[in-house]
Amino acid sequence: MAAANYYGDANSYMDGGSNTKPESEVTTSSFDLSLNCSDFDSTSKKYYRVTKHSSGFGGDSGGGGGTVTFMGSAGEYRQVSSRVFVNRSLHLDKIKFFGFDMDYTLAVYKSPAYESLAFDMIVERMVSIGYPKELQDFEYDPTYPIRGLWFDSLYGNLLKVDAYGNILVCVHGFQFLKTSEVYALYPNKFLHLDESRVYVLNTLFNLPETYLFACLMDFFSNSPQYTKTDKGVMSGHLFMSFRSIFQDVRSAVDWVHLKGSLKQETINNPQKYVHKDERLPMLLDRMRKHGRKTFLLTNSEYSYTEKIMAYLLNHTDEKNGESARTWESYFDYIVVDSCKPLFFSEGTILRQVNRTTGDLMIGSHTGPIQPGQVYSGGNCDVFTEMIGAKGKDVMYIGDHIFGDILKSKKIRGWRTFLIVPELNQELHVWTDKCHIFSRLQNLDVDLGEKYKNMDSSCDYKPDISKIRSAIGEVTHEMDMSYGILGSLFRSGSRQTFFASQVMRYADLYASNFLNLIHYPFSYMFRAPAMLMPHESTVGHEQSFVLESPLATRSRSNNLPIEIQDSVAPLPALSVANPRTAKTLERNPSLVPHLRADTPKKLTHHHDDDDSEEESDKSA
């Protein structure tokens with residue numbers, strides 16, 4: 001198994017060892033913190049993964065360690081494209097309600113056809129309000145935009161940032177700014193998330209306007225009839241700030257979605273723009289067969305929802321051509337015009353929809369919510385009370401990290417399932433470009449060789465310029481494998497703002513929620529350990545000599561005798577023999593509890609989905 005030969009890194013040379021281990025010894029490591037290549041051992045019928053925690057991946061310091069992870073026997077894992085990934089442990093057996101968004105969740109729009117349609121309509125709208133006709137020469141390029149970028153309306157830049165606002169990539173139009181240029185605009189390469197200045201392009205609906213921002217910035221900054229300034233462009237006595245251009249684009253996008261012909265064009269050609277999956281009605285039926293309730297909660301209006309859902313779910317009798325089953329029958333409750341994320345706070349008036357005319361009935365609906373009927377608006381408090389749901393009873397499935405996932409999790413405590421259609425392409429690069437990761441690993445070995453047997457007494461400074469240059473070139477090749485702006489989840493070794501939001505608020509995520517078909521409804525999704533560098537880069541089999549008395553917080557009495565002897569006994573406690581004693585005896589005292597007892601059962605509950613009553617019984 002050739003792929004499992006390397007285990008060393010720059011740190012392994014400090015003690016003169018090679019830090020190798022037999023393949024039978026395995027350690028686990030975090031997917032997010034490592035570089036992985038998989039290999040299949042045909043003899044043992046087992047999968048292994050070579051893991052290199054690399055300082056070269058993106059150029060960050062703090063080298064890592066090499067490990068081999070046992071990944072299970074052949075066939076033990078589901079196909080990668082069919083998997084559901086876990087941030088927080090979740091027991092499907094505890095979920096009583098499955099809620100669904102419609103756009104990009106139940107109704108998956110075909111890419112890039114749908115984005116191209118929206119892009120052309122937005123450009124057409126911009127021209128109609130006075131922007132140059134030359135903009136119509138632009139064609140949507142799906143290799144450019146990604147979700148999760150920040151648009152800085154002050155300087156007109158698209159920013160790829162990490163979880164804290166540190167700028168990873170900065171691009172103005174089609175030009176990537178150099179480090180010195182970024183520092184000139186953003187001290188310390190940092191920008192605070194100020195909603196009056198920064199617009200986060202979080203949704204798949206944002207992809208066309210993301211590319212349009214780039215097109216507009218590049219056009220106005222490079223056309224001879226315009227003069228670029230720091231915060232806008234001049235043409236004679238006319239000044240257009242980047243902020244005003246941003247506002248015009250946002251207005252054009254809203255007009256296209258609310259008043260334009262985008263929805264009508266989609267309804268007229270659903271085969272061209274909407275992906276129809278025959279597994280959808282099967283999964284919805286299975287959910288209800290297993291005693292779960294299903295509900296649709298969408299921001300789309302009834303007229304559009306009815307047409308799209310009918311295309312996806314209506315079943316026609318082949319003999320007489322009549323509708324044998326309508327889409328409403330797949331859901332216990334249906335809410336349109338929900339106005340998320342407002343729905344999760346004060347909300348709007350809940351009204352019933354006349355399914356024949358599509359009009360809203362007068363007055364506020366006070367319940368109960370009837371199966372087969374359609375409702376508009378409302379808020380989460382009223383809705384959950386009417387259907388008899390509690391926070392963790394509900395799993396909500398959607399694609400909008402803010403409107404669907406963050407608010408439902410943060411405000412209402414619903415369990416969340418984020419749809420990330422880009423995930424399949426991300427995983428393809430992650431696995432198909434394994435040779436790039438291997439080259440980074442080899443460069444890290446070369447870097448370690450430069451510092452071999454050196455410590456703080458050395459005056460010699462090795463020349464690592466060529467290695468650093470090579471690391472940069474290979475890392476760039478890796479980034480470009482994803483697209484012009486790189487991966488959705490990372491830039492080099494740094495996770496993006498979008499990735500941090502996914503990890504923080506999405507309990508589960510996958511490329512398609514239909515991946516749930518491959519899991520039983522009793523399945524326990526267990527989250528992998530989120531390892532810190534001191535855990536992910538140090539193998540369990542490595543020896544470590546304990547020298548600090550602070551480490552004796554453990555009461556296991558498994559410490560070496562010489563360390564036990566060096567620790568002074570606690571006041572008011574008598575120990576018969578520190579070498580052999582297994583229990584501590586308390587001297588007579590009037591203090592009720594001189595110290596805490598060692599817990600005999602598990603004390604944390606973050607991996608449990610039990611109700612309060614069940615948790616109390618197990619405590």
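One numbering rule holds for all chains: residues counted from 1, following each sequence as written. Reporting in this predicted model follows two pLDDT cut-offs: at least 70 for local features of residues, and 80 or more for side-chain atom pairs to be given and counted; totals over whole chains, interfaces and linings ignore these cut-offs and use all residues. The basis for every side-chain value is the complete set of heavy atoms in the structure, and neither hydrogens nor water enter the calculation.

Peer 1: What exactly am I supposed to notice about the sheet that holds strand β4 (residues 85-86) here?
Peer 2: By definition, the strands of a sheet pair up through backbone hydrogen bonds, in either a parallel or an antiparallel sense. Taken in spatial order, the nine strands make up an open sheet running β4-β27-β24-β23-β6-β17-β20-β22-β21, and their pairing is mixed. Here the strands that pair on one side only, and so sit at the sheet edges, are β4 and β21 (351-352). Following DSSP output, two strands are said to pair if at least two bridges run between them. Helical segments are the DSSP runs of H or I of at least four residues, strand segments are the runs of E of at least two, and each set is numbered from the N terminus. By the bridge criterion, two bridges tie β4 to strand β27 (residues 508-510) in an arrangement that is antiparallel. Directly across from V86, in β27, lies its bridge partner L508.

Peer 1: Just to check I follow, could you spell out the packing of aromatic side chains for this structure?
Peer 2: Two aromatic rings, taken as a pair, are described by how far apart their centres are and by the angle between their planes. In this scheme Phe, Tyr and Trp rings, the latter by its six-membered ring, pair at centre separations within 6.5 Å, and the angle between planes marks the pair as stacked below 30 degrees, edge-to-face above 60, and tilted otherwise. One pass over the full model with this rule turns up 41 aromatic pairs. Relative to F174, the ring of Y144 lies with its centre 5.9 Å away and its plane at 65 degrees, an arrangement referred to as edge-to-face. Taken as a pair, Y144 in the loop between α1 (113-128) and β8 (149-152) and F174 in the loop between β10 (167-172) and β11 (175-176) lie far apart in primary sequence, 30 residues in all. Type-normalised accessible area, obtained with a 1.4 Å probe on protein chains alone, sets the label of each residue: buried when under 20%, exposed when over 50%, and partly exposed for intermediate values. For Y144, a relative accessible area of 3% corresponds to the buried category. Look at F174 and you get partly exposed, because its relative accessible area is 33%. An aromatic cluster of three or more residues is present, and its members are F295, Y333, F343, F344, F383, Y396 and W414. Lysine NZ or arginine CZ positioned within 6 Å of the ring centre and within 35 degrees of the ring normal marks a charge as sitting over the ring. Directly above the aromatic system of W255 lies the positively charged group of R125, at a separation of 4.3 Å from the ring centroid. The ring of Y311 has K276 sitting right over it, with the charged end atom 5.2 Å from the ring centre.

Peer 1: What am I meant to see in the pairing of strand β24 (residues 415-419) here?
Peer 2: Two faces, one strand: in a regular strand the side chains alternate between the faces of the sheet. Among the five residues in β24, five count as buried, and that is most of the element. Residues of β24 alternate between two faces, with R415, F417 and I419 on one and T416 and L418 on the opposite face, all of them buried. For the segment spanning strand β23 (residues 394-398), helix α10 (residues 401-410) and β24, crossover handedness is right-handed. Bridge count between β24 and β27: three bridges; the pairing is parallel. Bridging from a neighbouring strand, L418 pairs with Y509 of β27. A clockwise path from the first strand over the helix to the second, with the strands pointing away from the viewer, defines a right-handed crossover.

Peer 1: Explanation requested: the sheet that holds β11 in the structure shown.
Peer 2: The five strands lie next to each other as β11-β10-β9-β8-β12, forming an open sheet whose pairing is antiparallel. Only two strands of the sheet have a single neighbouring strand rather than two, namely β11 and β12 (198-201). Across two bridges, the pairing between β10 and β11 is antiparallel. Looking at β11, one finds that H172 is bridged to Q175. Working rule for contacts: check all heavy atoms of both residues, and any pair within 4.5 Å makes them a contact. The angle between two axes is taken between their N-to-C directions and runs from 0 to 180 degrees, where each axis is a line fitted to C-alpha atoms and a helix contributes only its stretch in contact. Sitting on the sheet, helix α3 (residues 207-222) touches β8, β9 (157-161), β10 and β12, and the angle it makes with β12 is about 130 degrees.

Peer 1: Can you help me understand the side chain of K340 in this one?
Peer 2: With respect to the secondary-structure elements, K340 resides in the loop between β20 (333-336) and β21. Note on K340: relative accessible area 9%, which makes it buried. Polar contacts here mean pairs of N or O atoms no more than 3.5 Å apart (in protein, one a potential hydrogen donor and the other a potential acceptor; neighbouring residues in sequence count only if both atoms are side-chain atoms). At 3.2 Å, the side chain of K340 and the backbone oxygen of L297 are in polar contact. Once you skip the residues sitting within four places of it in the chain, K340 turns out to touch D101, L297, T298, N299, Y396, G403 and D404.

Peer 1: Can you walk me through α3 in this structure?
Peer 2: Because the α-helix completes a turn every 3.6 residues, residues three or four places apart line up on one side. Multiplying 1.5 Å by the residue count of a helix minus one yields the expected span of that helix. The terminal C-alpha atoms of α3 lie 23 Å apart, and with 16 residues this matches the ideal 22 Å at 1.5 Å per residue to within 8%. Burial within α3 is extensive, with 15 of its 16 residues counted as buried.

Peer 1: What should I look at first to understand the nonpolar core in this one?
Peer 2: Burial of nonpolar side chains together is a common tendency in soluble globular proteins. In plain words, nonpolar cores are sets of buried Ala, Val, Leu, Ile, Met, Phe, Trp, Tyr and Cys residues tied together by side-chain atoms within 4.5 Å. In this structure, F98, L216, F331, F417, F513 and L516 are the most contacted members of the largest nonpolar core, which totals 91 residues. When residues of this core are assigned to their parent elements, the largest contribution, ten residues, is made by α3. Ignoring any residue separated from it by four or fewer positions in sequence, one finds F513 in contact with F100, T105, L106, L280, L283, I397, F417 and I419. Residues F97, F295, L297 and I387 belong to the second largest nonpolar core, which totals 17 residues.

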